[in-house]
Amino acid sequence: MLSGRRLDLLDPTPFDIEVEDIAHGLAFVARWNGQTRGDWAYSVAEHSLLVEEAFARIRPGAEPKWRLAALLHDAPEYVIGDMISPVKAALGLEYGEMDARLAAAIHRRFGLPAQIPLAIKRQIKKADQVSAWLEAIEIAGFSEKEAKSIFKRPNPAHCEGLNIRLRPPAEVRAEYLARFNSLLEQSV
């Protein structure tokens, strides 16, 4: 990693994890394999910021640690990349197990339980679906009709006022780090 840490993907430990590596990696990993409109790729870091914001709407008054969990929901992708669902399915259990091991190490590193409670995980998934819906119709070229055939249409109240932003990686990385630090400070 850029921090100098050596991360064993098969046996990651919390000591191998640095938020600066996560923020940097996610700011340079493109969602939708880069197949989006705009001059900048829509990064996983930008997506994670949006998911955390949507999660706060779905679970008003959520404890900062759960908002931190929402921000970190795709953190393993800083080293394993963002693969589209058909590729994940083709890779099978090994990909999911690697993702889970990385997520557990990341969670422990930042004071979260290795396994996020199911109720919180479901609400983060709902927030992830809000983001996927907005991404599909705003930057990935889907009509609303096409999006409805693939994605679950989220509650409009959860989407209102949320914006897809395409920005340079350095700018997104800085905002991700700032949001992470704010949530971590509130979680203590």
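All values derive from a computational prediction rather than experimental measurement.

## Digging into the pattern of salt bridges
Step number 1: By the definition in use, this model includes 12 salt bridges.
Step number 2: Arg109 is paired through a salt bridge with Glu18; the nearest N and O atoms lie 3.5 Å apart. Pair noted here: Arg109 is in helix 6 (residues 93-109) and Glu18 is in the segment before helix 1 (19-28), with a separation of 91 residues, a long-range link.
Step number 3: Of the charged contacts in the structure, one is a salt bridge between Glu46 and Arg167, with a shortest N-O distance of 2.9 Å. Of this pair, Glu46 sits in helix 2 (residues 44-58) while Arg167 sits in the loop between helix 9 (156-159) and helix 10 (169-187), and the two are 121 residues apart along the sequence. As far as the burial class goes, Glu46 and Arg167 line up, both buried.
Step number 4: Connected via shared salt-bridge partners are Glu46, Arg165, Arg167, Glu171 and Glu175.

## Brief notes about the side chain of His47
Step number 1: With respect to the secondary-structure elements, His47 resides in helix 2.
Step number 2: Side-chain polar atoms of His47 contact the side chain of His73, separated by 3.1 Å.
Step number 3: With near-sequence residues (within four places) excluded, His47 lies in contact with Arg31, Tyr42, His73, Asp74, Asp128, Ser131 and Glu135.

## Some details on the packing of aromatic side chains
Step number 1: Applying the stated rule across the entire model yields four aromatic pairs.
Step number 2: Geometrically, the ring pair formed by Trp32 and Phe151 is edge-to-face, given 6.1 Å between the ring centres and 65° between the ring planes. Of this pair, Trp32 sits in the loop between helix 1 and helix 2 while Phe151 sits in the loop between helix 8 (144-150) and helix 9, and the two are 119 residues apart along the sequence.
Step number 3: Members of the aromatic cluster, each reached through a chain of ring pairs, are Trp32, Phe142 and Phe151.

## Thoughts on helix 3 (residues 64-71)
Step number 1: Turning to helix 3, its buried residues number three or more, namely Trp66, Leu68, Ala69, Ala70 and Leu71.
Step number 2: Among the structural elements, helix 2, helix 7 (118-138) and helix 10 are those in contact with the buried residues of helix 3.

## Considering helix 6
Step number 1: In a regular helix each residue adds 1.5 Å, so 17 residues correspond to 24 Å; helix 6 covers 24 Å between its end C-alpha atoms and thus fits that length.
Step number 2: Turning to helix 6, its buried residues number three or more, namely Tyr95, Met98, Leu102, Ala103, Ala104, Ala105, Ile106 and His107.
Step number 3: Turning to helix 6, the residues buried within the fold contact helix 1, helix 4 (77-80) and helix 5 (85-91).
Step number 4: Two residues or fewer past helix 6, Gly111 is found with a positive phi of approximately 80°.

Each value, and the rule that gives it
- Counting of residues starts from 1 at the beginning of each chain's written sequence and follows it residue by residue.
- In keeping with the model being predicted, local features are shown solely for residues with a pLDDT of at least 70 and side-chain atom pairs are shown and tallied solely at 80 or more, while totals for entire chains, interfaces and linings include all residues.
- Note that water and hydrogens are dropped before the side-chain values are worked out from all heavy atoms of the structure.
- Any Lys or Arg side-chain nitrogen found within 4 Å of a carboxyl oxygen on Asp or Glu counts as a salt bridge.
- For the purposes of this entry, the term helix denotes a DSSP run of H or I that reaches at least four residues, the term strand denotes a run of E that reaches at least two, and both are numbered from the N terminus.
- Exposure classes here rest on a 1.4 Å probe applied to the protein chains alone. A residue is buried below 20% of its type maximum, exposed above 50%, and partly exposed in between.
- N or O atoms closer than or at 3.5 Å make up a polar contact, with two conditions inside protein: a donor-capable atom paired with an acceptor-capable one, and, for residues adjacent in sequence, both atoms drawn from side chains.
- Contacts are residue-level and defined by heavy atoms, with any inter-residue pair within 4.5 Å sufficient.
- By convention, a stacked pair of Phe, Tyr or Trp rings (six-membered ring in the case of Trp) has centres within 6.5 Å and planes under 30 degrees apart, an edge-to-face pair has planes over 60 apart, and any other such pair is tilted.
- One fewer than the residue count of a helix, multiplied by 1.5 Å, yields its expected span.

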